[in-house]
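# Commentary on secondary and tertiary structure
So you can see what is in the structure, the chains are spelled out below.
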Amino acid sequence: MMVKSLPPSSRSTVEDSRGSELSLIEVIPENSTEVLVINSPKFSAKHKQTVLAETEPETLRYDPEEIQAHYQNQPLQVLRRILTVLRPTLSYLFGIWWDKQRGIVVKNDRRRAVQLRELLTKLGPAYIKIGQALSTRPDLVPPIYLEELTKLQDQLPPFPNEIAYQFIEEELGSRPEEIYAELSAEPIAAASLGQVYKGKLKTGEEVAIKVQRPDLRERITIDLYILRKLAGWVQKNVKRVRSDLVGILDELGDRIFEEMDYIHEGENAERFFELYGHIPDIYVPKIYWEYTNRRVLTMEWINGIKLTQTREIKELGIDARYLIEVGVQCSLRQLLEHGFFHADPHPGNLLATFDGKLAYLDFGMMSEIKPPQRYGLIEAIVHVVNRDFDLLAQDYVKLEFLSPETDLTPIVPAFSKVFANAQGASVAELNIKSITDDLSALMYEYPFRVPPYYALIIRSLVTLEGIAIYIDPNFKVLSEAYPYVSKRLLTDPADELRTSLKDLLFKDGKFRWNRLENLLKNARNSQDYDFNLIMNQSVEFLSSERGVFIRDRLVDEFVNGLDAVSKNVLHNFTFLLRERVGLTAVNEMPGASVEQQQTLEHIKRILGILRETRGFDPAKLAPQVAQVLFNPRVHYLGQQIANRFTQKAVARLIRQLLAEEEIG
């Protein structure tokens, strides 16, 4: 193979997300097929993937048809794997059954908990992932089992250093001692797909070096093949199962194959940093691209403590509950704003740094939600809070849980039953896991089909909630989430959310001031709520064609409010006049009605909420108001209010004159 440098005019340069310049050289193999390889301190993963795609025949993309074609010709290998899984699993289950027969309390038996951890470890990465998810659910798993399953996060048996060093040399082109100034003698953590060493670069930066397990792809593909076959059989023969089990498994397969490609993981980390690195107290480690390839990843070393180590965190003076709140806010933006989310936020992947930040690690298992699904989730939250179960059923059609031809008549009361136990309390006080369980029972009874993307969303949310409950048993994720949802409803210009806002604020054409109060109260607690933004966007929306419905009804409400104020003023004036002058002939003007008085009280409270909102500054308010008043669209709104108020006042005056003539 010959290597030649590109001439200056043809040399390509790009910049990575942190501003470092990247350069490329051209490589000409002996067969004259030209490809690119990297020759720079840092290079983009995109270019490296181009290299690997052209120099390696294998692909890391999950292809179930290719896997099936391969293992259909390997029946003995498949049978051996099935027996390998079944024998220890049946033996373990028989042991638990026998313990129960002898009156042994299995949930308190540490011996069985250790055996379960060892069984999952022995069965391989797919089963380790299941155990990791269970290790975050203290409300589902007995404490002794929880303690053991937590060890699956980073206390798995390591593989020999010799293999790891060989992979480093094969992937990076030099021996470890030539690349790193320091490298820990043993791995500091061993996870399901690889193990991690602590090291130091020649330039002095501390780094974590992740090296992939040997024979990983072969072990995972055969498990996915067997599980996919089983899922297909269940889906075909068990009529009660309507979800796309094969699709869900394929989604998981896609994620696992992406997780096995460390270049892809590095790209994920940088994308995560670009989208969420600006959130206060969120930290994303840096990727060192010169020392990263498909089976080796070098990233910034993070000094910190796992979130579940609450005692150690407290000793450092760090508020673990606050960091969970930060994590919830970050997750909301992942799921509902950008759609790119961390699908595996177990305790081993979330660290409290020594300076009080929440650091995310391990960006191998990520997923995306499309915009229609993101807006659909927000709409569903609004309709649950609003108890509009007719619209909630329609949300499930839009989210592809129900086919458009499904009869929703029996499903609506079923939704009502699911949320009936929240009748006396806010839905935000409910537990995500309890809602998921209730909805799962409902989906089993009615013709729901769980779309593949939903499984990873639930896994992400339930896992995060599990960590939160571990830290604070009274933590309510939905309660923490509602300020963000409120802020989105008030500030997002998307038509879908404007429709949701209308549904929330109006019922039977009548404005619900208490709902607006609650929205404003919750929204002001959101980290990035901007008073000026909501003011400008509200005026723009209300004066546009999209805001006709809300504008017309708000004009009515303002007219009623002004009418109530004028009635009260006249009522008080005539009362004082009669008292002081004794003019009994002066008719006392009637005061505002009870409904109008309630509207006035709501308006007063809303003004109080706005005064207490972050960003409200009386000194800056005057020019803002002047700017708004000079807006032509605002003139139109003002004209509408003035016209209707005048019409109402004239109509009242005519009624009073006619009434006086009848009396006379």
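All residue numbers refer to position in the chain's written sequence, counted from 1. Totals for whole chains, interfaces and linings use every residue, but because this is a predicted model, local features are given only for residues with pLDDT of at least 70 and side-chain atom pairs only at 80 or more, for both listing and counting. Note: side-chain values were computed over all heavy atoms of the structure, leaving out hydrogens and water.

For the chain, an unreviewed UniProt entry supplies the name AarF/ABC1/UbiB kinase family protein and the organism Sphaerospermopsis kisseleviana CS-549.

## Details of helix α19 (residues 477-491)
Convention followed: Helix and strand definitions follow DSSP, with helices as H or I runs of at least four residues and strands as E runs of at least two, each counted in order from the N terminus. Any helix carries an expected span of 1.5 Å times its number of residues minus one. Here the bend at each residue means the angle between axes fitted to two seven-residue stretches, the one ending at that residue and the one beginning there. Note on exposure labels: buried denotes an accessible area under 20% of the residue type's maximum, exposed denotes more than 50%, and partly exposed covers the range between, all computed with a 1.4 Å probe on protein chains only.
With 15 residues, α19 should reach 21 Å at 1.5 Å per residue; the first-to-last C-alpha distance of 22 Å fits that figure. If you look at α19, its biggest bend is around 25°, right at Pro-483. With 12 of its 15 residues buried, α19 lies for the most part within the structure. Of all the residues in α19, the buried ones are Val-477, Ala-481, Tyr-482, Pro-483, Tyr-484, Val-485, Ser-486, Lys-487, Arg-488, Leu-489, Leu-490 and Thr-491.

## Quick word on the environment of Asp-390
Mapped onto the fold, Asp-390 is located in helix α15 (residues 389-398). Asp-390 sits in the exposed class, given a relative accessible area of 51%. Considered as a pair, Asp-390 and Val-412 are 22 residues apart in the sequence and their alpha carbons are 5.7 Å apart.

## Side note on the sheet that holds strand β13 (residues 350-353)
Going by this rule: Two strands are said to pair when DSSP picks up at least two bridges between them. In this description, contact between two residues means that some pair of their heavy atoms is separated by no more than 4.5 Å. Geometry is summarised by axes, namely lines fitted to C-alpha atoms with helices restricted to the contacting stretch, and by angles between N-to-C directions that run from 0 to 180 degrees.
With mixed pairing, four strands are arranged side by side in an open sheet as β9-β14-β13-β11. Both edges of this open sheet fall to β9 (282-283) and β11 (304-306), since each of them pairs with a single strand only. Sheet analysis places β13 next to strand β14 (residues 358-360), joined by three bridges and oriented antiparallel. Opposite Ala-352, over in β14, you have Leu-358 as the bridge partner. Across the face of the sheet, helix α13 (residues 320-338) comes into contact with β9, β13 and β14 while running at roughly 45° to β14.

## Considerations on the side chain of Ser-486
With respect to the helices and strands, Ser-486 occurs in helix α19. Residue contacts for Ser-486: discarding those within four places in its chain leaves Leu-519, Asn-522 and Ala-523.

## Regarding the pattern of salt bridges
Short version of the rule: The salt bridge definition used is simple: a Lys or Arg side-chain nitrogen within 4 Å of an Asp or Glu carboxyl oxygen.
Scanning the entire structure with this criterion turns up 30 salt bridges. Put simply, Asp-223 and Arg-81 hold a salt bridge, and the shortest N to O gap is 2.8 Å. One end of the pair, Asp-223, is in helix α9 (residues 216-237); the other, Arg-81, is in helix α3 (residues 75-101), with 142 residues separating them in the sequence. In this structure Asp-223 comes out as buried when scored by relative accessible area, which is 4%. Residue Glu-169 pairs with Arg-175 through a salt bridge whose shortest N-O separation is 3.5 Å. By relative accessible area, which is 35% here, Glu-169 ends up partly exposed.

## With respect to the nonpolar core
Quick reminder of the rule: Joining through side-chain atoms within 4.5 Å is the link that ties buried Ala, Val, Leu, Ile, Met, Phe, Trp, Tyr and Cys residues into a set, and such a set is a nonpolar core.
Membership of the largest hydrophobic core comes to 115 residues, with the highest contact counts inside it found for Phe-272, Leu-307, Tyr-396, Phe-415 and Phe-448. When residues in this core are grouped by element, the largest group, 10 residues, is from helix α18 (residues 452-471). If you look at the next biggest cluster of nonpolar residues, it comprises 19 residues, including Val-85, Ile-128, Leu-146 and Leu-149.

## With respect to helix α4 (residues 110-123)
Going by this rule: Polar contacts, as used here, are pairs of N or O atoms within 3.5 Å; protein pairs need one atom able to donate a hydrogen and one able to accept it. Residues neighboring in sequence count only if both atoms are side-chain atoms.
A rise of 1.5 Å per residue sets the reference length of α4, with its 14 residues, at 20 Å; its end C-alpha atoms lie 20 Å apart and thus fit the reference within 8%. Among all positions of α4, only Arg-112, Ala-113, Leu-116, Arg-117, Leu-119, Leu-120, Thr-121 and Leu-123 are buried. Measuring from the side-chain oxygen of the N-cap residue of α4 to the backbone nitrogen of Arg-111 gives 3.0 Å; that N-cap residue is Asp-109. Phi turns positive one or two residues past the end of α4, at Gly-124, with a value near 115°.

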